[in-house]
Every structure is written in C-alpha cells, then in structure tokens.
Amino acid sequence: MELDKLKASWKETSKNDSFISPDEIKGMLRNKSNGALNKLIQWEKNCIWIIIVIMPFFLGILYMQSLLKNEFSSGLLWLGIAFSIYAVYSLFVVIYKYRYLKKIDMLKMDIITVSNMITKIKRFVIYDLIVSFCLLVPFVFFIITIMLGKDEEAWLYVLLTIYTIVLVVIAFFILKKYYFGRIKTIQRAIKEIKEFEAED
Amino acid sequence: MKEKVLEKEFIEMIQNHDRIIYKIASFYTDKDTPLSDLYQEVVLNLWRGFPLFRGDSKVSTWIYRIVLNTCVSFFRKQKKKPVYVEISKDIAAEQSNNDDIKELYNLINKLGKLERALVLLYLDEKSYQEMADITGLSLSNVATKLSRIKNKLKQMSNELN
C-alpha cells in the first residue's frame, strides 16, 4: 500500500454530501454542554470544595467528641492528626491536577503538547490512586484500633493486622489487573511522544 | 439572537467539514471510544472555540488542530458514560467500497496516535508548514517522520498480504 497513491481515493471520500443533519448537531450541543476535559476540571474543582468542607467538619466532630467525654484522649488527637495529613495531601494533589488540567488549551496548543500533558496527567491519576489507597488502608486500620480501645484482647489486634495485610494483597492484585495495563499503555504513549519530539 | 446566528453559522461549518471530522474521529476509535462519543466530543470542543476563532488561520487548519487534539487526548475518568447522540447515517459503508481505504483503516490501529495524525494531514494534502503548526514538529522533522511512516505502512501492508 502506497500512501501517495491513496491521496486520490481519500479525497474522493471527502467530496460526498454532508451526512449529519442540523438537528443532530443541535442535539449534540444540547445533550452535553461540557466536553470530557471540562468535566474532569469540574470534577477536580468539586473535590477541592469537598475536602475543604469535610476537613473542619470531621475535626469538629472529633473536638465535640472530646468535649462530650470531658477528656482530650491521645487516640482522638492522633486520629485528628492522621486525618489532617491525609486531607492536606489530598488537597494538594487535587489542586495540582486542577491547575494542570486548566493549562491544557485544545484550541491553541499543538498536538504533541496536548498529548504530552494528557498522558502525564493520566499517569499521575493512576499513581495518585495507588498512593491514596496505600495511605487509606493503614488509616482505616488506625481508626479501628482507636475505636476498639485499650481494653481489648491482643488477639483481636493480631487478627485485625492479618486482615489488613490480606486486604492490601487483594487490593494490589485488583489494582494490578485494572491499572498496570493502563500504565503500560501510558508508558508506550510517552515513549512515542519522546520519539516524535526528538529531532532526526 | 446573537447566539442563534452563531449557532447557525456553526452548524453550517460542521456540515461543510463533517466528512473530515468523521474521518479523523474514525482513525481514533477503539472499543473504549466509540465513534459517536468521539464525534460529539469534537463538535463540543469546536463549539467552545467557535466564538474565539478570528480567522487568523484557515478554517480547515483550525478544525484539524481541535479535532486532532480532541482525538489524541480523549480522556474520560468517569466510568459512567454521558448520553450521546447517535449519528443516523452510517458512512462507513460508503467508505468500505474502496479496498485501499479499507486496508488503511485496518493498518491504522497499529500506528501510534501521533503517527496517525501525520498520516491524516498528509492524505488531506496539508503543506509541511501546516503540518508543523498543527503537530508542533519542526519542518525537517515532519518530512523525516512522514517518510518513516510511509515505509512502515508499506512494510505492514506487505506483511498483511
């Protein structure tokens, strides 16, 4: 197959009449007012607000709890600190993604730049998901141990630890199945962009 | 009123270039990205940019940039798909009459996304300067990459036959 010889046939396929009706175009515009990229930006924006609202709310509940108990337990304090660290980390990540996505301008940027930025954010989203999950599992474990209190039997903590380890292993395989394939595809795309950018 | 006029002009522009949009979008469809999704995404992005288009470049160059950017970067995080308008007429049947075009569509999936973009620009007889502007490559790089892609396609075609 010669690409040069294809030009004529290719041109032929562009000559036919329009196949899309004005109503179909109007339907597309009414049906979905925002594109996929805008939806992503909106999603990250919503996440920023959710974290900003949840963080003082959760810390407030912890504070109320300590007031009700009339004591400021170290368990609640650690829980507050752990939650704050997790929330602040999430907030930074979401703000980063939001700012990064806002920079992408499909109307003005060239294909290589857009492709590069999108591929990087895809990779970032997957890594963030894995890191967030890894942080979430010990966080949940930490909450449960605080809820159980000091009076519980030691075997219960051993059981809980085993349960957490099993959970992490299962989660690892699930993540591997669903995301590692995508990471490979993304790495291939990054390689292609690098090859394209390199001058011959 | 102004919105209505703008919409009318936009519809006219889409109808004048719908085959180009269709052809580019069909180069980038896969099992996760059906043609109707991609086509609608392209129309929406064109609509967003339409009021800002001042005619600094050719309409077709502007369309190519947005359509290719949309296709190359189509990324939907949410699993739940929004509702898309189905395109009533199936023009794939019309195109499948041509064996060479059919073969090209079979081979195109084996090329990278950026390589596909160059093939499309080349087939639509864009100048090297336009190709460089749209892709972000240098003029000399466009020529080298194109020559490499042509050989690659030829080789793949020979292997297939």
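What counts, and where the lines are drawn
Residue positions within a chain follow its written sequence, with the count starting from 1. Whichever chain is written first becomes A and whichever ligand is written first becomes 1, with later ones labelled in order. The model is predicted, so local features are restricted to residues of pLDDT at least 70 and side-chain atom pairs to those at 80 or more, both for listing and for counting; the totals for chains, interfaces and linings are taken over all residues. No hydrogens and no water enter the side-chain calculation; it runs on all heavy atoms of the structure. A run of DSSP states H or I qualifies as a helix once it reaches four residues; a run of E qualifies as a strand once it reaches two. Both are numbered from the N-terminal end. With a 1.4 Å probe rolled over the protein chains alone, any residue whose accessible area is under 20% of its type maximum counts as buried; one over 50% counts as exposed, and the rest are partly exposed. Every residue pair with non-hydrogen atoms within 4.5 Å of one another is taken to be in contact. The method behind every accessible area is Shrake-Rupley, applied with a 1.4 Å probe, and residues are considered shielded solely by the protein chains displayed. The rule for a salt bridge is simple: a side-chain nitrogen of Lys or Arg has to be within 4 Å of a carboxyl oxygen of Asp or Glu. Axis lines are fitted to C-alpha atoms, over the contacting stretch for helices. Their N-to-C directions set the angle, which ranges from 0 to 180 degrees. Oblique is the label for any angle not covered by the other classes, which are roughly parallel (under 35 degrees), roughly antiparallel (over 145) and roughly perpendicular (65 to 115). When residue character is reported, Ala, Val, Leu, Ile, Met, Phe, Trp, Tyr, Cys and Pro are called nonpolar, Asp, Glu, Lys and Arg charged, and the others, Gly included, polar. Stacked, tilted and edge-to-face are the three classes assigned to paired rings of Phe, Tyr and Trp, where Trp is represented by its six-membered ring and a pair needs centres within 6.5 Å; plane angles under 30 degrees give stacked, over 60 edge-to-face, the rest tilted. In a helix, the anticipated span is given by 1.5 Å times the number of residues less one. In this context, the arc is that of the directions from the helix axis out to the C-beta atoms. Summed over both partners, the accessible area lost on bringing two parts together, with a 1.4 Å probe, is the buried area. The definition of a polar contact used here is a pair of N or O atoms within 3.5 Å, where within protein one atom must be able to donate a hydrogen and the other to accept one, and adjacent residues in sequence count solely through side-chain atom pairs. By definition, no residue in a patch forms a salt bridge, and every one has over 30% relative accessible area; like charges are joined within 9 Å, nonpolar side chains (Val, Leu, Ile, Met, Phe, Trp, Tyr) within 5 Å.

This next bit is on the overall build of chain A. On a plain count of helices and strands, chain A comes out with six helices and zero strands. N-terminal to C-terminal, the α/β element order of chain A is α-α-α-α-α-α. Counting the 200 residues in chain A, one finds 36% classified as buried. Taking the contacts inside chain A whose residues are at least 6 apart along the sequence as the reference set, 71% of them involve residues at least 24 apart. About 12700 Å² of surface is accessible on chain A, with carbon and sulfur atoms providing 67% of the total.

Throughout the structure, instances matching the rule amount to four salt bridges over all chains. Between Glu-44 of chain A and Lys-97 of chain A there is a salt bridge, with its nearest N and O atoms 3.7 Å apart. Here Lys-97 of chain A lies in helix H4 (residues 74-103) and Glu-44 of chain A lies in helix H3 (residues 36-69), a separation of 53 residues in the sequence. By the burial criterion, Glu-44 of chain A is buried, and Lys-97 of chain A matches it. The shortest N-O distance in the salt bridge between Lys-58 of chain B and Glu-130 of chain B comes to 3.6 Å. One end of the pair, Lys-58 of chain B, is in the loop between helix H2 (35-49) and helix H3 (59-73); the other, Glu-130 of chain B, is in helix H7 (residues 128-135), with 72 residues separating them in the sequence. When its relative accessible area of 53% is taken as the criterion, Lys-58 of chain B is described as exposed. Among the charged side chains, a salt-bridge network with shared partners connects Glu-44, Lys-97 and Asp-128 of chain A.

All names here are of chain B. In the Ramachandran plot, Glu-125 falls in the positive-phi region, its phi being about 55 degrees despite a non-glycine side chain. Of note, Glu-125 is situated in the loop between helix H6 (113-123) and H7. Looking at Glu-125, the relative accessible area reads 43%, which means it is partly exposed.

Turning to the packing of H6 of chain B against helix H8 (residues 139-160) of chain B, a few remarks are in order. Packed helices, taken two at a time, are described by the angle between their axes plus the distance between the axes. Residue and element names in this part refer to chain B. At a closest axis distance of 10 Å, the pairing of H6 and H8 adopts a crossing angle of 95 degrees. The angle between the axes of H6 and H8 places the two elements in the roughly perpendicular class. In this structure, H6 uses Glu-115, Leu-118, Val-119 and Tyr-122 to contact H8, whose residues at the interface are Val-142, Lys-145, Leu-146, Ile-149, Lys-150, Lys-152 and Leu-153. Within the contact of H6 with H8, the residues separate by chemical class into seven nonpolar, no polar and four charged.

Residues and elements named next belong to chain B. Tallied over the full model, the rule gives seven aromatic pairs over all chains. Considering the side-chain rings of Phe-10 and Phe-50, the 5.3 Å spacing of their centres and the 65 degrees angle between planes classify their relative orientation as edge-to-face. Remark: Phe-50 occurs in the loop between H2 and H3 and Phe-10 occurs in helix H1 (residues 2-27); sequence separation between them is 40 residues. For Phe-10, a relative accessible area of 0% corresponds to the buried category.

Moving on, we come to H8 of chain B. An α-helix turns once every 3.6 residues. As a result, residues three or four positions apart point the same way. Residue and element names in this part refer to chain B. For H8, with 22 residues, the first-to-last C-alpha span of 32 Å sits near the 32 Å given by 1.5 Å per residue. Those residues of H8 lying buried are Asn-141, Val-142, Lys-145, Leu-146, Ile-149, Leu-153, Met-156 and Ser-157. In an axial view of H8, the angular spread of the buried residues amounts to 125 degrees, which keeps them on one side of the axis. Along H8, exposed side chains directed more than 90 degrees from the buried face belong to Asn-158 and Glu-159.

Further remarks concern the interface of chain A and chain B. Between chain A and chain B, the residue contacts involve 60 residues of the former and 78 residues of the latter. Carbon and sulfur atoms supply 64% of the area buried between chain A and chain B, which totals about 6400 Å² over both sides. For the interface between chain A and chain B, the tally reads zero salt bridges. For the pair chain A and chain B, the interface holds 13 residue pairs in polar contact (both at pLDDT 80 or more). Looking at the side of chain A that touches chain B, the elements that each hand over two or more residues are helix H1 (3-15), helix H2 (22-31), H3, helix H5 (111-148) and helix H6 (154-197) of chain A.

Attention now moves to a nonpolar patch on the surface. Residue and element names in this part refer to chain A. A grouping of Val-158, Ile-162, Val-166, Ile-170, Ile-174 and Tyr-178 is seen on the molecular surface, where their side chains present a nonpolar patch of about 570 Å² in accessible area. Tracing the backbone shows Ile-170 in helix H6. A relative accessible area of 45% means that Ile-170 is categorised as partly exposed.

By themselves, these figures tell us nothing about what the structure is for.
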